[in-house]
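Below are the chains, spelled out letter by letter.
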Number of protein chains: 2
Amino acid sequence: MNILEKITQNQAAFSKSEKKVAEVILANPQTAIHSSIATLAKMSDVSEPTVNRFCRRLDTKGFPDFKLHLAQSLANGTPYVNRHVDENDSPDEYTNKIFESTMASLEVARQSVNVHVVNRVVDLLTQAQKISFFGLGASASVAHDALNKFFRFNVPVVYFEDILMQRMSCMNCSAGDVVVLISHTGRTKSLVEIAQIARMNDATVVGITSAESPLAQECSYVLSLEVPEDTDMYMPMASRIAQLTLIDVLATGFTLRRGNKFRENLKRVKDTLRGSRYEKRGD
Amino acid sequence: MNILEKITQNQAAFSKSEKKVAEVILANPQTAIHSSIATLAKMSDVSEPTVNRFCRRLDTKGFPDFKLHLAQSLANGTPYVNRHVDENDSPDEYTNKIFESTMASLEVARQSVNVHVVNRVVDLLTQAQKISFFGLGASASVAHDALNKFFRFNVPVVYFEDILMQRMSCMNCSAGDVVVLISHTGRTKSLVEIAQIARMNDATVVGITSAESPLAQECSYVLSLEVPEDTDMYMPMASRIAQLTLIDVLATGFTLRRGNKFRENLKRVKDTLRGSRYEKRGD
DNA sequence: ACACCAAATGTAGTAAAATTACAACTTGAA
DNA sequence: TTCAAGTTGTAATTTTACTACATTTGGTGT
């Protein structure tokens, strides 16, 4: 298990001084592996034994062993960790932190995706008479994006931002229709209601939401994404990126299921854009 | 450079005792990284300084440093690579490929971002009288998302999907207004025209687009993102994720610039959602 | 075959690093 | 206030790595 992630996750369980150590290490793990316990203690402004205890808390045998684990984590593909933005961060720092924590979240999301459900949902979508994408707030733009992908497939696709339109649209559903509802928390009342309306009218309801949420309970299928969100920012960030990527997965599954001829069709759709663009040499 | 390979290659240049050490390490590198210099010396049937010299010959600072290098070599996990989806991929395969190549693209994007421009644009945005976000096609949902972020900041924000509305809106611009235009290719004619209109009316035009594109040339500031796109899919995927992340960066920069009191305000905005949601225990 | 030199290796002492044991603080509840 | 549990630091100890120097090895020229 990646020890950098472990540090981030356990952060709550650390004591005051241990948090200082965690901070220093996360801020610059490359420096950490080349420091002695004394240097690191000084940098963190704690005593040497505290650093040692910190290492043990992370199930390592001691400081040198900890450094080995850390070195491996750094070499191990992703050094990306969900580091929270700090008030005093420079533009360089917050830019990198956001990119990195987005990548880290995607990694978490990837692991939480249930591939069997993905496959089943792709099945449903390819056979759907009509596909609807609904979301509110930040998830509205995700639904918007889904519309942009799926309309290319020459299937009737519906997307509304307005909750009344969403409700009415769901009232008109019938068997064979698929309604995809997007919500990070899965607690938005009107979306839960929409799920109920759609199901009453025999539509299949797919939720891209948090497992065990009220919304999840009303869905026929749930594509759950467990993504840590930096609540300090009071804005949905990582969650919607994960949702969008999942939409990509569904769209890709769709095209693969439809086979090669269908891809030709997508190419034609894309090619019609040419007239609206300035030529690129060799395009 | 992988130190295990280095050992194998240099083997000829080693002395007799050094060869013994190399052998023992290559035979069981996992054991080696958890041994002390004394243990390793005994296992190789040489003296401790010989082991130390062996380490230095491989351009490391000493035995502990050597162990770090070795640990990293062993943890040689594949970093995320842009692997293209293949026709015959299973759901498991294409799901993972998409997540991984999205992460790889974000890494590329991160490196291509010019932090100075980010900082300058954040400056402009915090001082703007009015901010507009425009995009077409897939970039429309990115602009939509930007709207969702920036309206929370209590600044006049404008977003239209309709190109006529976009044009008219830009005609009404004046000095102090910022227009953010989003386009992966930067070749969409109507967006380039909008850039021109906005500039004619003294607005500052920020492009989130490809460097050196026709759109980039019309912008006051360009936040260029060089993201590889899997053209086989005929759909924009990675590019818009990178754009969204950049929007997150700008929004974050904005809130940081505005300081702590402003964050309180964001919290209040978020808290108003509570009434629209089902309660979560302990929330 | 012997002496000699350079390279290689080992020994023993030294310095540095990590760990332990214990003492001195905090903190929160009775 | 006092006590106990938990946290942190100080100082001594142990382990580990490194250095300086001594010894050995193996090769070369006489």
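Conventions adopted
- Residues numbered from 1 in each chain as written.
- Chains lettered and ligands numbered in written order.
- Predicted model: local features only at pLDDT ≥ 70, side-chain atom pairs only at ≥ 80, totals over all residues.
- Heavy atoms only, no water.
- Pairing = 2+ DSSP bridges.
- Helix = DSSP H or I, 4+ residues; strand = E, 2+ residues; numbered from the N terminus.
- Axes fitted to C-alpha atoms, helices over the stretch in contact; angles between N-to-C directions.
- Contact = heavy atoms within 4.5 Å.
- Domains from an automatic or database assignment.
- Patch = residues over 30% accessible without salt bridge, like charges linked within 9 Å, V, L, I, M, F, W, Y side chains within 5 Å.
- Areas by Shrake-Rupley, 256 points an atom, 1.4 Å probe, with all protein chains shown as cover.
- Salt bridge = Lys/Arg side-chain N within 4 Å of Asp/Glu carboxyl O.
- Buried < 20%, exposed > 50% of the residue type's maximum accessible area, 1.4 Å probe, protein only.
- Lys, Arg positive; Asp, Glu negative; His and termini not counted.
- Near = heavy atom within 4 Å.
- Polar contact = N/O pair within 3.5 Å; in protein donor to acceptor, adjacent residues only side chain to side chain.
- Expected span 1.5 Å × (residues − 1).
- Charge placed at Lys NZ, Arg CZ, Asp CG, Glu CD.

A.B. asks: I'd love a proper account of the sheet that holds strand S2 (residues 157–160) of chain A, names of residues and values included.
C.D. replies: Residue and element names in this part refer to chain A. Here we have 5 strands laid out as an open sheet, ordered S2-S1-S3-S4-S5, and parallel in their pairing. Among the strands making up the open sheet, the edge pair consists of S2 and strand S5 (221–224). Direction aside, neighbouring strands of the sheet carry axes that sit 20° apart on average. Direction of pairing for strand S4 (residues 204–209) relative to S5: parallel, over a ladder of 4 bridges. Among the inter-strand pairings, Ile208 is bridged to a residue of S5, identified as Leu223. Of the strands in this sheet, strand S1 (130–135), strand S3 (177–183), S4 and S5 are in contact with helix H13 (residues 238–258), which crosses S4 at around 140°.

A.B. asks: So what's going on with the domain arrangement of chain A? Residues and values would help.
C.D. replies: Segmenting chain A into domains produces domain 1 (3–81) and domain 2 (113–273). Computed from C-alpha coordinates alone, the two centres of domain 1 of chain A and domain 2 of chain A are separated by 41 Å.

A.B. asks: Would you mind going over a nonpolar patch on the surface in detail, with residue names and values included?
C.D. replies: Taken together, Ile163, Leu164, Met165 and Met168 of chain A make up a surface patch of nonpolar side chains, about 360 Å² in accessible area. A relative accessible area of 55% places Leu164 of chain A in the exposed class.

A.B. asks: Explain the side chain of Lys67 of chain A to me, using residue names and the numbers behind them.
C.D. replies: Of note, Lys67 of chain A is situated in helix H6 (residues 63–75). Although Lys67 of chain A lies buried, it forms no salt bridge, and the closest oppositely charged side chain, Asp65 of chain B, sits 8.1 Å away as judged by the N-O distance. With residues up to four places along the chain from it excluded, the contact list for Lys67 of chain A reads Ala32, Ile33 and Ser35 of chain A together with Leu68 of chain B.

A.B. asks: Tell me what's going on with the protein's contact with DNA strand C, and back it up with residues and numbers.
C.D. replies: For DNA strand C, the set of nearby residues contains 18 residues, the closest of which are Ile37, Asn52 and Arg56 of chain A together with Ser15 and Ser17 of chain B. In DNA strand C, atoms within 4 Å of the protein come from the sugar-phosphate backbone in 73% of cases. Measuring from a phosphate oxygen of DNA strand C, one finds a backbone N or O atom of Ile37 of chain A at 2.4 Å. Between DNA strand C and Ser47 of chain B there is a distance of 2.9 Å, counted from a phosphate oxygen to a backbone nitrogen or oxygen. Where the surface near DNA strand C is concerned, the elements lending two or more residues are helix H5 (48–57) and H6 of chain A together with helix H2 (16–27) and helix H5 (48–57) of chain B.

A.B. asks: Explain helix H11 (residues 189–200) of chain B to me, and be specific about the residues and the numbers.
C.D. replies: Residues and elements named next belong to chain B. Taking 1.5 Å per residue as the helical rise, H11 with its 12 residues ought to reach 16 Å, and the 17 Å between its terminal C-alpha atoms agrees with that figure. Taken together, the buried positions of H11 are occupied by Ser190, Leu191, Val192, Ile194, Ala195, Ile197 and Ala198. In this fold, the buried residues of H11 make contact with strand S1 (130–135), helix H10 (163–171), strand S3 (177–183), strand S4 (204–209) and helix H12 (214–218). In the segment just after H11, Asp202 is the residue with positive phi, at about 70°.

A.B. asks: Let's hear about the pairing of S3 of chain B: which residues, and what values?
C.D. replies: All names here are of chain B. Counted residue by residue, S3 has 7 buried out of 7 residues, so it is predominantly covered. Side chains of S3 alternate between two faces, with Asp177, Val179, Leu181 and Ser183 and Val178, Val180 and Ile182 buried alike. Note: S1 against S3, 6 bridges, orientation parallel. Its bridge partner lying in S3, Phe134 is registered against Leu181. Bridge count between S3 and S4: 6 bridges; the pairing is parallel. The residue bridging Val178 from the neighbouring strand is Thr204, located in S4.

A.B. asks: Can you tell me about the sheet that holds S3 of chain B, naming the residues and giving the values?
C.D. replies: All names here are of chain B. In spatial order, the strands read S2-S1-S3-S4-S5; together these 5 strands make up an open sheet with parallel pairing. In this open sheet, the two edge strands, each paired with only one partner strand, are strand S2 (157–160) and strand S5 (221–224). Direction aside, neighbouring strands of the sheet carry axes that sit 15° apart on average. Across the face of the sheet, H11 comes into contact with S1, S3 and S4 while running at roughly 170° to S3. Relative to the sheet, helix H13 (residues 238–258) contacts S1, S3, S4 and S5, its axis offset from that of S4 by approximately 140°.

A.B. asks: Got a sec to walk through a negative patch on the surface? Specific residues and values, please.
C.D. replies: Together, Glu23, Asp86, Glu87, Asp92 and Glu93 of chain A make up a negatively charged patch on the protein surface. Looking at where Glu93 of chain A falls in the secondary structure, it is placed in helix H7 (residues 91–112).

A.B. asks: Summarise the protein's contact with DNA strand D; cite the residues concerned and give the values.
C.D. replies: For DNA strand D, the set of nearby residues contains 18 residues, the closest of which are Ser15 and Ser17 of chain A together with Ile37, Asn52 and Arg56 of chain B. In the interface set of DNA strand D, defined as its atoms within 4 Å of the protein, sugar plus phosphate atoms amount to 68%. Between Ile37 of chain B and DNA strand D, the recorded distance is 2.4 Å, taken from a backbone N or O atom to a phosphate oxygen. In the model, a phosphate oxygen of DNA strand D is placed 2.8 Å from a nitrogen or oxygen of the Arg56 of chain B side chain. Of all the elements in the fold, those that place two or more residues in the surface near DNA strand D are helix H2 (16–27) and H5 of chain A together with H5 and helix H6 (63–74) of chain B. Residue contributions to the surface near DNA strand D peak at 4 residues, all from H5 of chain B.

A.B. asks: Which residues make up the pattern of salt bridges, and what are the values?
C.D. replies: One pass over the full model with this rule turns up 26 salt bridges over all chains. In this structure, Arg110 of chain A and Glu107 of chain A form a salt bridge, with 3.0 Å as the shortest nitrogen-oxygen distance. Note that Arg110 of chain A and Glu107 of chain A are positioned in helix H7 at a spacing of 3 residues, about one turn of the helix. Taken as a pair, Arg110 of chain A and Glu107 of chain A share a single burial class, namely buried. The closest approach of N and O atoms between Arg240 of chain B and Asp248 of chain A, which form a salt bridge, is 3.0 Å.

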